[in-house]
Amino acid sequence: MTSTAAATATAPNASTATDSTAAGPTATDPTATVSTTGASMATATDSTAVGPTATASTANAPTAGASPGSAPAGSASAGSADERLRRWRLVLGGDADGTGCRLVGREAAMDRALSALYRGDSGNGADRRSPRGAGLGGSAPQVARWLGDIREYFPTSVVQLMQQDAIERLGLARLLLEPEMLAAVEPDVHLVGTLISLGKALPETTRETARAVVRAVVTDLERRIATRTRSLVGGALDRSARVNRPRHRDIDWDRTIRANLRNYLPPEGERSHGTVVPERLVGYARAQHAVKKDVILCIDQSGSMAASVVHSSVFGAVLASMHSLHTRLVVFDTAVVDLTDQLTDPVDVLFGVQLGGGTDINRALAYCQSRITRPADTVVVLISDLYEGGIRDEMLKRVAAMKSAGVQFIALLALSDDGAPSYDRTHAAALAALGAPAFACTPDLFPEVMAAAIQKQPLPVPET
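Everything numeric in this text was worked out from a predicted model, so none of it was measured.

Definitions and cut-offs
Residues numbered from 1 in each chain as written. Predicted model: local features only at pLDDT ≥ 70, side-chain atom pairs only at ≥ 80, totals over all residues. Heavy atoms only, no water. Phe/Tyr/Trp six-rings, centres within 6.5 Å; stacked < 30°, edge-to-face > 60°. Helix = DSSP H or I, 4+ residues; strand = E, 2+ residues; numbered from the N terminus. Buried < 20%, exposed > 50% of the residue type's maximum accessible area, 1.4 Å probe, protein only. Pairing = 2+ DSSP bridges. Axes fitted to C-alpha atoms, helices over the stretch in contact; angles between N-to-C directions. Contact = heavy atoms within 4.5 Å. Patch = residues over 30% accessible without salt bridge, like charges linked within 9 Å, V, L, I, M, F, W, Y side chains within 5 Å. Areas by Shrake-Rupley, 256 points an atom, 1.4 Å probe, with all protein chains shown as cover. Salt bridge = Lys/Arg side-chain N within 4 Å of Asp/Glu carboxyl O. Parallel < 35°, antiparallel > 145°, perpendicular 65-115°, else oblique. Left-handed = near helix turned anticlockwise from the far one by under 90°. Nonpolar A, V, L, I, M, F, W, Y, C, P; charged D, E, K, R; others polar. pLDDT = per-residue confidence, 0-100. Right-handed = clockwise from strand over helix to strand, strands pointing away.

Caption draft 1: The arrangement of the packing of aromatic side chains in detail. Within this structure, the stated rule accounts for two aromatic pairs. An angle of 50° between the planes, with centres 4.5 Å apart, marks the rings of Phe315 and Phe446 as tilted. Placement of the pair is Phe315 in helix H11 (residues 306-320) and Phe446 in helix H16 (residues 446-455), with a sequence separation of 131 residues. Since its relative accessible area comes to 0%, Phe315 is described here as buried. Note on Phe446: relative accessible area 1%, which makes it buried.

In C-alpha coordinates, the structure reads:
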(Lines give C-alpha, C1' and ligand atoms only; values in the text may rest on other atoms or scores of the structure.)
Protein backbone atom coordinates (compact mmCIF):
# COMPACT_ATOMS: atom_id res chain seq x y z
CA MET A 1 0.00 0.00 0.00
CA THR A 2 1.44 3.40 -0.98
CA SER A 3 0.77 6.75 0.68
CA THR A 4 -0.44 9.27 -1.91
CA ALA A 5 -0.51 12.85 -0.66
CA ALA A 6 -2.19 14.15 -3.81
CA ALA A 7 -5.15 11.85 -3.36
CA THR A 8 -5.55 12.73 0.30
CA ALA A 9 -6.50 16.32 -0.53
CA THR A 10 -9.16 15.43 -3.05
CA ALA A 11 -12.26 14.24 -1.32
CA PRO A 12 -14.38 17.21 -0.18
CA ASN A 13 -14.88 17.47 3.60
CA ALA A 14 -12.33 14.71 4.29
CA SER A 15 -10.59 15.10 7.65
CA THR A 16 -6.87 15.69 7.90
CA ALA A 17 -4.96 12.47 8.32
CA THR A 18 -4.14 11.84 11.97
CA ASP A 19 -1.37 9.46 11.03
CA SER A 20 -0.34 8.83 7.46
CA THR A 21 1.24 5.55 8.53
CA ALA A 22 -1.93 4.13 10.05
CA ALA A 23 -2.58 1.99 7.03
CA GLY A 24 -4.14 -1.19 8.33
CA PRO A 25 -6.82 -2.58 10.59
CA THR A 26 -4.24 -3.04 13.33
CA ALA A 27 -4.07 0.74 13.83
CA THR A 28 -4.94 1.93 17.33
CA ASP A 29 -8.22 3.48 16.24
CA PRO A 30 -9.86 1.90 13.16
CA THR A 31 -12.00 5.02 12.68
CA ALA A 32 -8.94 7.24 12.38
CA THR A 33 -8.47 9.05 9.07
CA VAL A 34 -5.99 7.27 6.84
CA SER A 35 -4.08 8.97 4.02
CA THR A 36 -3.48 5.80 2.04
CA THR A 37 -4.27 5.11 -1.60
CA GLY A 38 -3.99 1.39 -2.30
CA ALA A 39 -6.09 -0.86 -4.45
CA SER A 40 -9.23 0.73 -2.96
CA MET A 41 -10.49 3.29 -0.48
CA ALA A 42 -12.95 4.09 2.27
CA THR A 43 -15.65 6.71 2.34
CA ALA A 44 -14.96 10.37 3.05
CA THR A 45 -16.90 12.13 5.77
CA ASP A 46 -19.17 13.60 3.12
CA SER A 47 -21.20 10.75 1.63
CA THR A 48 -20.99 12.30 -1.82
CA ALA A 49 -17.20 12.59 -1.68
CA VAL A 50 -16.04 9.06 -2.25
CA GLY A 51 -12.81 8.74 -4.14
CA PRO A 52 -9.29 7.41 -4.12
CA THR A 53 -8.69 9.16 -0.82
CA ALA A 54 -8.47 6.47 1.80
CA THR A 55 -10.47 7.94 4.68
CA ALA A 56 -12.16 5.92 7.38
CA SER A 57 -15.32 7.84 8.22
CA THR A 58 -16.62 9.08 11.52
CA ALA A 59 -19.39 7.27 13.31
CA ASN A 60 -22.25 9.03 11.57
CA ALA A 61 -20.95 8.85 7.98
CA PRO A 62 -22.96 6.69 5.55
CA THR A 63 -21.66 3.68 3.71
CA ALA A 64 -19.39 4.15 0.68
CA GLY A 65 -21.45 5.08 -2.31
CA ALA A 66 -24.68 5.34 -0.31
CA SER A 67 -27.12 8.13 -0.95
CA PRO A 68 -27.07 11.06 1.52
CA GLY A 69 -29.30 10.31 4.48
CA SER A 70 -29.54 6.56 3.83
CA ALA A 71 -28.70 4.10 6.60
CA PRO A 72 -25.77 1.74 6.11
CA ALA A 73 -26.82 -1.63 4.70
CA GLY A 74 -27.19 -4.38 7.32
CA SER A 75 -26.46 -2.06 10.23
CA ALA A 76 -28.50 0.13 12.53
CA SER A 77 -25.47 2.24 13.34
CA ALA A 78 -22.70 3.59 11.08
CA GLY A 79 -20.23 2.75 13.81
CA SER A 80 -20.96 -0.99 13.75
CA ALA A 81 -18.15 -3.51 13.40
CA ASP A 82 -19.48 -4.64 10.01
CA GLU A 83 -19.49 -1.06 8.72
CA ARG A 84 -15.90 -0.54 9.84
CA LEU A 85 -14.76 -3.78 8.24
CA ARG A 86 -16.27 -2.82 4.90
CA ARG A 87 -14.47 0.49 5.02
CA TRP A 88 -11.17 -1.12 5.93
CA ARG A 89 -11.73 -3.54 3.06
CA LEU A 90 -12.17 -0.59 0.69
CA VAL A 91 -9.01 1.02 2.07
CA LEU A 92 -6.83 -2.06 1.79
CA GLY A 93 -8.19 -3.64 -1.40
CA GLY A 94 -7.68 -7.24 -2.47
CA ASP A 95 -9.25 -10.38 -1.07
CA ALA A 96 -6.30 -11.22 1.18
CA ASP A 97 -6.53 -8.01 3.18
CA GLY A 98 -7.13 -9.69 6.52
CA THR A 99 -10.60 -8.25 7.11
CA GLY A 100 -12.51 -11.28 5.83
CA CYS A 101 -15.11 -8.84 4.51
CA ARG A 102 -16.80 -9.42 1.15
CA LEU A 103 -18.06 -6.42 -0.84
CA VAL A 104 -21.24 -6.60 -2.88
CA GLY A 105 -23.27 -4.35 -5.16
CA ARG A 106 -22.17 -0.74 -5.58
CA GLU A 107 -19.24 -1.10 -3.16
CA ALA A 108 -17.87 -4.03 -5.16
CA ALA A 109 -18.18 -2.02 -8.39
CA MET A 110 -16.35 0.91 -6.81
CA ASP A 111 -13.64 -1.47 -5.61
CA ARG A 112 -13.20 -2.87 -9.15
CA ALA A 113 -12.89 0.64 -10.63
CA LEU A 114 -10.24 1.62 -8.09
CA SER A 115 -8.39 -1.69 -8.35
CA ALA A 116 -8.11 -1.27 -12.12
CA LEU A 117 -6.12 1.92 -11.51
CA TYR A 118 -4.23 1.27 -8.28
CA ARG A 119 -3.76 -2.52 -8.26
CA GLY A 120 -0.16 -3.73 -8.41
CA ASP A 121 1.32 -0.80 -6.46
CA SER A 122 4.24 -2.34 -4.63
CA GLY A 123 4.15 0.10 -1.71
CA ASN A 124 7.93 0.54 -1.74
CA GLY A 125 8.00 4.02 -3.22
CA ALA A 126 8.29 2.84 -6.82
CA ASP A 127 7.46 5.19 -9.64
CA ARG A 128 3.68 5.58 -9.81
CA ARG A 129 3.88 5.57 -13.58
CA SER A 130 5.25 2.03 -13.57
CA PRO A 131 3.33 -0.45 -15.73
CA ARG A 132 2.95 -2.59 -12.57
CA GLY A 133 -0.15 -0.55 -11.78
CA ALA A 134 -1.82 -1.03 -15.16
CA GLY A 135 -5.11 -2.80 -14.70
CA LEU A 136 -7.12 -1.45 -17.62
CA GLY A 137 -5.42 -3.44 -20.36
CA GLY A 138 -4.86 -2.15 -23.87
CA SER A 139 -8.48 -2.12 -24.94
CA ALA A 140 -9.85 1.34 -25.65
CA PRO A 141 -13.49 0.23 -25.11
CA GLN A 142 -12.51 -1.14 -21.70
CA VAL A 143 -10.92 2.19 -20.74
CA ALA A 144 -14.02 4.03 -21.96
CA ARG A 145 -16.20 1.85 -19.72
CA TRP A 146 -13.86 2.52 -16.79
CA LEU A 147 -14.10 6.28 -17.39
CA GLY A 148 -17.86 5.99 -17.37
CA ASP A 149 -17.81 3.94 -14.16
CA ILE A 150 -15.74 6.40 -12.17
CA ARG A 151 -18.01 9.26 -13.28
CA GLU A 152 -20.97 7.28 -11.95
CA TYR A 153 -19.47 6.31 -8.59
CA PHE A 154 -17.39 9.35 -7.62
CA PRO A 155 -17.82 13.16 -7.52
CA THR A 156 -16.21 15.34 -10.18
CA SER A 157 -13.22 16.42 -8.08
CA VAL A 158 -12.28 12.79 -7.39
CA VAL A 159 -12.87 11.77 -11.03
CA GLN A 160 -10.43 14.45 -12.14
CA LEU A 161 -7.78 13.18 -9.72
CA MET A 162 -8.26 9.57 -10.88
CA GLN A 163 -7.98 10.66 -14.52
CA GLN A 164 -4.75 12.46 -13.68
CA ASP A 165 -3.42 9.32 -11.97
CA ALA A 166 -4.50 7.21 -14.96
CA ILE A 167 -2.59 9.51 -17.32
CA GLU A 168 0.56 9.11 -15.20
CA ARG A 169 0.27 5.41 -14.30
CA LEU A 170 -1.45 3.83 -17.28
CA GLY A 171 -0.33 5.89 -20.26
CA LEU A 172 -3.84 7.22 -20.78
CA ALA A 173 -2.36 10.17 -22.70
CA ARG A 174 -1.88 7.87 -25.70
CA LEU A 175 -5.57 7.05 -25.72
CA LEU A 176 -6.48 10.76 -25.63
CA LEU A 177 -5.45 10.81 -29.27
CA GLU A 178 -8.75 9.01 -29.96
CA PRO A 179 -11.68 11.49 -30.27
CA GLU A 180 -14.15 8.98 -28.76
CA MET A 181 -11.92 8.54 -25.71
CA LEU A 182 -11.37 12.27 -25.32
CA ALA A 183 -15.11 12.88 -25.33
CA ALA A 184 -15.51 10.45 -22.40
CA VAL A 185 -13.20 12.22 -19.95
CA GLU A 186 -14.10 14.88 -17.39
CA PRO A 187 -12.60 18.23 -18.52
CA ASP A 188 -10.33 19.97 -16.01
CA VAL A 189 -7.20 22.13 -15.89
CA HIS A 190 -4.82 19.15 -15.66
CA LEU A 191 -6.43 17.49 -18.66
CA VAL A 192 -5.96 20.72 -20.63
CA GLY A 193 -2.30 20.69 -19.58
CA THR A 194 -1.97 17.14 -20.91
CA LEU A 195 -3.63 18.05 -24.22
CA ILE A 196 -1.43 21.07 -24.84
CA SER A 197 1.64 19.01 -23.93
CA LEU A 198 0.62 16.54 -26.67
CA GLY A 199 0.55 19.52 -29.01
CA LYS A 200 1.31 18.57 -32.60
CA ALA A 201 0.97 14.87 -31.77
CA LEU A 202 -2.81 15.32 -31.81
CA PRO A 203 -4.13 13.99 -35.13
CA GLU A 204 -6.45 16.17 -37.18
CA THR A 205 -9.44 13.94 -36.30
CA THR A 206 -8.87 14.60 -32.59
CA ARG A 207 -7.89 18.26 -32.72
CA GLU A 208 -11.44 19.65 -32.90
CA THR A 209 -12.56 17.45 -30.01
CA ALA A 210 -9.51 18.58 -28.03
CA ARG A 211 -10.33 22.23 -28.75
CA ALA A 212 -13.88 21.64 -27.53
CA VAL A 213 -12.58 20.15 -24.27
CA VAL A 214 -10.11 23.01 -23.79
CA ARG A 215 -12.77 25.61 -24.59
CA ALA A 216 -15.13 24.10 -22.00
CA VAL A 217 -12.49 24.46 -19.28
CA VAL A 218 -11.42 27.94 -20.42
CA THR A 219 -15.02 29.19 -20.58
CA ASP A 220 -15.66 27.94 -17.05
CA LEU A 221 -12.48 29.59 -15.74
CA GLU A 222 -13.24 32.84 -17.51
CA ARG A 223 -16.79 32.89 -16.15
CA ARG A 224 -15.49 32.48 -12.61
CA ILE A 225 -12.65 35.00 -12.72
CA ALA A 226 -13.62 37.68 -15.24
CA THR A 227 -16.09 39.71 -13.15
CA ARG A 228 -13.91 39.87 -10.06
CA THR A 229 -10.77 40.66 -12.05
CA ARG A 230 -12.42 43.50 -13.96
CA SER A 231 -13.96 44.85 -10.76
CA LEU A 232 -10.74 44.89 -8.72
CA VAL A 233 -8.31 45.86 -11.46
CA GLY A 234 -10.71 48.34 -13.08
CA GLY A 235 -11.44 49.88 -9.69
CA ALA A 236 -7.73 50.26 -9.03
CA LEU A 237 -7.30 52.07 -12.33
CA ASP A 238 -10.32 54.38 -11.97
CA ARG A 239 -9.75 55.30 -8.32
CA SER A 240 -6.09 56.08 -8.81
CA ALA A 241 -7.09 59.55 -10.08
CA ARG A 242 -9.26 62.25 -8.52
CA VAL A 243 -11.32 65.06 -10.12
CA ASN A 244 -12.73 68.23 -8.55
CA ARG A 245 -15.88 68.48 -10.68
CA PRO A 246 -17.30 64.95 -10.53
CA ARG A 247 -20.74 63.82 -11.49
CA HIS A 248 -23.02 63.15 -8.52
CA ARG A 249 -22.62 59.36 -8.68
CA ASP A 250 -18.82 59.70 -8.85
CA ILE A 251 -18.45 61.82 -5.68
CA ASP A 252 -16.09 60.42 -3.06
CA TRP A 253 -18.09 61.58 -0.03
CA ASP A 254 -15.47 60.57 2.52
CA ARG A 255 -12.75 62.71 0.92
CA THR A 256 -15.23 65.51 0.15
CA ILE A 257 -16.26 65.81 3.81
CA ARG A 258 -12.65 65.80 5.02
CA ALA A 259 -11.74 68.47 2.44
CA ASN A 260 -14.56 70.75 3.68
CA LEU A 261 -14.38 70.36 7.45
CA ARG A 262 -13.33 74.01 7.77
CA ASN A 263 -16.79 74.88 6.44
CA TYR A 264 -18.54 73.12 9.31
CA LEU A 265 -21.60 74.95 10.70
CA PRO A 266 -22.57 73.91 14.27
CA PRO A 267 -26.21 73.10 15.12
CA GLU A 268 -28.40 76.12 16.01
CA GLY A 269 -31.02 74.31 18.07
CA GLU A 270 -31.62 71.07 19.91
CA ARG A 271 -33.28 69.45 16.92
CA SER A 272 -30.92 70.70 14.28
CA HIS A 273 -27.72 69.01 13.07
CA GLY A 274 -24.28 70.30 12.25
CA THR A 275 -23.68 70.96 8.57
CA VAL A 276 -20.63 70.69 6.33
CA VAL A 277 -20.86 73.05 3.36
CA PRO A 278 -19.12 71.26 0.44
CA GLU A 279 -17.48 74.14 -1.38
CA ARG A 280 -15.15 71.68 -3.14
CA LEU A 281 -16.24 68.27 -4.38
CA VAL A 282 -13.77 65.40 -4.69
CA GLY A 283 -14.69 62.50 -6.94
CA TYR A 284 -13.41 59.50 -8.81
CA ALA A 285 -12.25 59.90 -12.37
CA ARG A 286 -14.47 58.06 -14.79
CA ALA A 287 -12.95 55.24 -16.79
CA GLN A 288 -11.13 56.55 -19.83
CA HIS A 289 -10.31 54.74 -23.04
CA ALA A 290 -6.72 55.94 -22.82
CA VAL A 291 -4.26 53.24 -21.74
CA LYS A 292 -3.15 53.86 -18.16
CA LYS A 293 -0.98 50.83 -17.43
CA ASP A 294 1.10 48.33 -19.39
CA VAL A 295 1.04 44.73 -18.15
CA ILE A 296 3.50 42.09 -19.36
CA LEU A 297 2.79 38.48 -18.42
CA CYS A 298 5.97 36.44 -18.92
CA ILE A 299 5.12 32.74 -18.59
CA ASP A 300 7.46 29.79 -18.20
CA GLN A 301 6.12 26.97 -20.42
CA SER A 302 8.23 24.16 -18.97
CA GLY A 303 6.27 20.96 -18.36
CA SER A 304 5.88 21.49 -14.60
CA MET A 305 4.05 24.80 -15.18
CA ALA A 306 1.08 23.38 -17.13
CA ALA A 307 -1.67 24.49 -14.72
CA SER A 308 -0.08 27.95 -14.37
CA VAL A 309 0.02 28.33 -18.17
CA VAL A 310 -3.72 27.58 -18.41
CA HIS A 311 -4.70 30.08 -15.71
CA SER A 312 -2.27 32.72 -17.00
CA SER A 313 -3.70 32.51 -20.51
CA VAL A 314 -7.24 33.05 -19.24
CA PHE A 315 -6.20 35.97 -17.02
CA GLY A 316 -4.25 37.44 -19.93
CA ALA A 317 -7.37 37.35 -22.10
CA VAL A 318 -9.44 39.02 -19.36
CA LEU A 319 -6.86 41.77 -18.81
CA ALA A 320 -6.54 42.29 -22.57
CA SER A 321 -10.28 43.00 -22.74
CA MET A 322 -9.84 46.05 -20.46
CA HIS A 323 -9.29 49.24 -22.46
CA SER A 324 -7.31 50.91 -19.67
CA LEU A 325 -4.63 48.23 -19.88
CA HIS A 326 -2.24 47.23 -22.61
CA THR A 327 -1.53 43.56 -21.97
CA ARG A 328 1.31 41.61 -23.51
CA LEU A 329 1.63 37.81 -23.18
CA VAL A 330 5.07 36.25 -23.59
CA VAL A 331 5.79 32.53 -23.19
CA PHE A 332 9.24 31.00 -23.09
CA ASP A 333 11.40 27.93 -22.66
CA THR A 334 14.82 28.29 -24.28
CA ALA A 335 13.08 30.36 -26.97
CA VAL A 336 10.70 33.31 -26.54
CA VAL A 337 7.30 33.61 -28.24
CA ASP A 338 5.03 36.67 -28.10
CA LEU A 339 1.37 35.55 -28.17
CA THR A 340 -0.15 38.98 -27.64
CA ASP A 341 -1.94 38.92 -31.00
CA GLN A 342 -3.85 35.78 -29.92
CA LEU A 343 -5.07 37.11 -26.58
CA THR A 344 -8.60 37.58 -27.87
CA ASP A 345 -8.99 33.79 -27.71
CA PRO A 346 -7.22 31.98 -24.83
CA VAL A 347 -7.81 28.65 -26.58
CA ASP A 348 -5.60 29.81 -29.46
CA VAL A 349 -3.04 30.92 -26.89
CA LEU A 350 -2.99 27.49 -25.26
CA PHE A 351 -2.60 25.70 -28.57
CA GLY A 352 0.25 28.08 -29.35
CA VAL A 353 2.09 26.95 -26.22
CA GLN A 354 4.60 24.11 -26.42
CA LEU A 355 4.99 22.63 -22.92
CA GLY A 356 8.36 21.10 -22.08
CA GLY A 357 11.93 21.88 -22.98
CA GLY A 358 14.52 23.93 -21.12
CA THR A 359 14.24 27.30 -19.41
CA ASP A 360 16.00 30.58 -20.21
CA ILE A 361 14.46 33.24 -17.97
CA ASN A 362 17.22 35.73 -18.79
CA ARG A 363 16.39 35.67 -22.50
CA ALA A 364 12.67 36.06 -21.79
CA LEU A 365 13.26 39.04 -19.49
CA ALA A 366 15.54 40.61 -22.08
CA TYR A 367 12.67 40.49 -24.58
CA CYS A 368 10.19 41.92 -22.05
CA GLN A 369 12.63 44.67 -21.11
CA SER A 370 12.94 45.66 -24.77
CA ARG A 371 9.15 46.16 -24.95
CA ILE A 372 8.91 48.54 -21.99
CA THR A 373 8.28 52.14 -23.08
CA ARG A 374 6.74 53.58 -19.89
CA PRO A 375 8.62 52.05 -16.93
CA ALA A 376 6.70 53.94 -14.23
CA ASP A 377 3.40 52.66 -15.65
CA THR A 378 4.46 49.07 -16.34
CA VAL A 379 3.81 45.91 -14.35
CA VAL A 380 5.88 42.83 -15.26
CA VAL A 381 4.65 39.51 -13.90
CA LEU A 382 7.09 36.62 -14.26
CA ILE A 383 5.34 33.27 -13.74
CA SER A 384 8.06 30.65 -13.30
CA ASP A 385 9.49 28.11 -10.87
CA LEU A 386 12.80 30.02 -11.33
CA TYR A 387 14.85 26.98 -12.33
CA GLU A 388 17.10 29.00 -14.62
CA GLY A 389 19.01 27.34 -17.43
CA GLY A 390 20.34 30.64 -18.75
CA ILE A 391 22.70 33.19 -17.21
CA ARG A 392 21.66 33.67 -13.59
CA ASP A 393 23.59 36.89 -12.88
CA GLU A 394 22.29 38.51 -16.07
CA MET A 395 18.74 37.61 -15.09
CA LEU A 396 19.11 39.32 -11.70
CA LYS A 397 20.76 42.38 -13.29
CA ARG A 398 17.79 42.76 -15.66
CA VAL A 399 15.33 42.60 -12.77
CA ALA A 400 17.37 45.18 -10.84
CA ALA A 401 17.49 47.47 -13.89
CA MET A 402 13.72 47.26 -14.39
CA LYS A 403 13.09 47.94 -10.69
CA SER A 404 15.40 50.97 -10.68
CA ALA A 405 13.57 52.37 -13.75
CA GLY A 406 10.27 52.24 -11.85
CA VAL A 407 8.80 48.97 -13.17
CA GLN A 408 6.59 46.98 -10.80
CA PHE A 409 8.13 43.49 -10.95
CA ILE A 410 6.43 40.41 -9.47
CA ALA A 411 7.59 36.79 -9.60
CA LEU A 412 4.86 34.18 -9.17
CA LEU A 413 6.27 30.74 -8.48
CA ALA A 414 2.95 29.24 -9.58
CA LEU A 415 -0.51 30.45 -10.58
CA SER A 416 -2.64 27.46 -9.67
CA ASP A 417 -4.47 25.64 -6.88
CA ASP A 418 -2.00 22.74 -6.85
CA GLY A 419 -0.52 23.54 -3.43
CA ALA A 420 3.08 24.36 -2.56
CA PRO A 421 5.15 24.37 -5.77
CA SER A 422 8.70 23.21 -6.31
CA TYR A 423 10.96 26.17 -7.08
CA ASP A 424 14.53 27.41 -6.90
CA ARG A 425 14.78 28.94 -3.42
CA THR A 426 18.12 30.60 -4.08
CA HIS A 427 16.76 32.58 -7.03
CA ALA A 428 13.56 33.41 -5.14
CA ALA A 429 15.59 34.81 -2.24
CA ALA A 430 17.78 36.81 -4.64
CA LEU A 431 14.71 38.39 -6.27
CA ALA A 432 13.22 39.20 -2.86
CA ALA A 433 16.49 40.92 -1.90
CA LEU A 434 16.04 43.14 -4.98
CA GLY A 435 12.56 44.13 -3.80
CA ALA A 436 10.79 41.82 -6.25
CA PRO A 437 8.54 39.53 -4.20
CA ALA A 438 8.46 35.87 -5.24
CA PHE A 439 5.54 33.78 -4.03
CA ALA A 440 3.01 31.18 -5.16
CA CYS A 441 -0.41 32.61 -6.00
CA THR A 442 -3.84 31.04 -6.36
CA PRO A 443 -6.18 32.16 -9.15
CA ASP A 444 -8.50 33.70 -6.52
CA LEU A 445 -5.70 35.92 -5.21
CA PHE A 446 -4.34 37.05 -8.59
CA PRO A 447 -6.86 39.90 -9.17
CA GLU A 448 -5.95 41.39 -5.78
CA VAL A 449 -2.25 41.11 -6.60
CA MET A 450 -2.75 42.94 -9.91
CA ALA A 451 -4.91 45.65 -8.31
CA ALA A 452 -2.28 46.26 -5.62
CA ALA A 453 0.53 46.35 -8.22
CA ILE A 454 -1.35 48.88 -10.36
CA GLN A 455 -1.91 51.15 -7.34
CA LYS A 456 1.68 50.55 -6.16
CA GLN A 457 0.37 49.28 -2.85
CA PRO A 458 1.88 46.45 -0.75
CA LEU A 459 1.09 43.13 -2.39
CA PRO A 460 -1.15 40.63 -0.55
CA VAL A 461 1.63 38.07 -0.24
CA PRO A 462 0.23 34.87 1.35
CA GLU A 463 1.83 33.74 4.58
CA THR A 464 4.26 30.86 4.18
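Caption draft 2: Representation of the sheet that holds strand S9 (residues 336-338). Within the open sheet, the six strands sit side by side as S9-S8-S7-S10-S11-S12. Their pairing is mixed. At either end of the open sheet lies a strand with only one pairing partner, and these are S9 and strand S12 (438-441). Strand-to-strand twist in this sheet, taken as the mean axis angle between neighbours without regard to direction, amounts to 25°. As judged from the four bridges shared by strand S11 (residues 408-415) and S12, these two strands associate in the parallel manner. Residue pairing across strands places Ala411 opposite Ala438, the latter belonging to S12. Where H11 meets the sheet, its contacts fall on strand S7 (293-300), strand S8 (325-332), strand S10 (378-383) and S11, and the angle it forms with S7 comes to roughly 165°.

Caption draft 3: Molecular detail of a nonpolar patch on the surface. Together, Trp253, Ile257 and Leu261 make up an exposed nonpolar region whose accessible area comes to about 310 Å². On the secondary structure map, Trp253 appears in helix H10 (residues 253-259).

Caption draft 4: Representation of the side chain of Ser416 in the model. One can find Ser416 in the loop between S11 and helix H15 (425-433). Judged by relative accessible area, Ser416 falls into the buried class, the value being 8%.

Caption draft 5: Representation of the packing of helix H14 (residues 392-404) against H15 within the structure. Look at H14 against H15: their axes get within 10 Å of each other, and the N-to-C directions meet at 30°. Classified by the angle between their axes, H14 and H15 sit roughly parallel to one another. Here H14 and H15 pass one another in a crossing that is right-handed. Residues Arg392, Met395, Leu396 and Val399 of H14 form the contact with H15, whose participating residues are Thr426, His427, Ala430 and Leu431. Among the residues making up the contact of H14 with H15, the classes are represented as five nonpolar, two polar and one charged.

Caption draft 6: Expanded view of the confidence of the model for the protein chain. Chain-level statistics for the protein chain give a pLDDT mean of 73 and a share of 72% at 70 or above. Counted against residues more than four places away or in other chains, residues 1-76, with its pLDDT under 50, gives 176 contacts.

Caption draft 7: Layout of the environment of Leu161. The topology assignment puts Leu161 in helix H5 (residues 156-170). Of the residues examined, Leu161 reaches a relative accessible area of 8% and is grouped as buried. Distance from Leu161 to His190, taken between C-alpha atoms, is 8.9 Å for residues 29 residues apart in sequence.

Caption draft 8: Inspection of the pairing of S8 at higher detail. The buried fraction of S8 amounts to seven of the eight residues, a majority that puts the element mostly inside the structure. Bridge count for S7 against S8 is eight bridges, and the pairing is parallel. Looking at S8, one finds that Ile296 is bridged to Arg328. Crossover connection from S7 via H11 to parallel S8: handedness right-handed. Relative to S9, S8 is paired through three bridges, and the arrangement is antiparallel. Within S9, the position partnered with Val330 by the bridge is Asp338. Between S8 and the antiparallel strand that follows it, S9, lie three residues.

Caption draft 9: Structural context of the environment of Ala451. Its place among the elements puts Ala451 in helix H16. It is 8.0 Å that separates the C-alpha atoms of Ala451 and Gly234, two residues lying 217 residues apart in sequence. Aside from chain neighbours lying at most four places away, what touches Ala451 is Leu232, Val233 and Ala236.

Caption draft 10: Structural detail: the pairing of S7. Counted residue by residue, S7 has eight buried out of eight residues, so it is predominantly covered. Side-chain alternation along S7 places Lys293, Val295, Leu297 and Ile299 on one buried face and Asp294, Ile296, Cys298 and Asp300 on a second face that is also buried. Two strands pair when backbone bridges link them, and S7 and S10 are joined in this way by six bridges, in the parallel orientation. Pairing of Ile296 across the sheet is with Val380, part of S10.

Caption draft 11: Highlighting the side chain of Ser312. Note that Ser312 resides in helix H11. Residue contacts for Ser312: discarding those within four places in its chain leaves Leu297, Ile299, Ile383 and Leu415.

Caption draft 12: Structural view of unusual backbone geometry. Even without glycine at this site, Leu386 takes up a positive phi of about 70°. Along the chain, Leu386 turns up in the loop between S10 and H14. For Lys456, which is not a glycine, the phi torsion comes out positive at approximately 55°. Mapping Lys456 onto the fold places it in the segment after H16.

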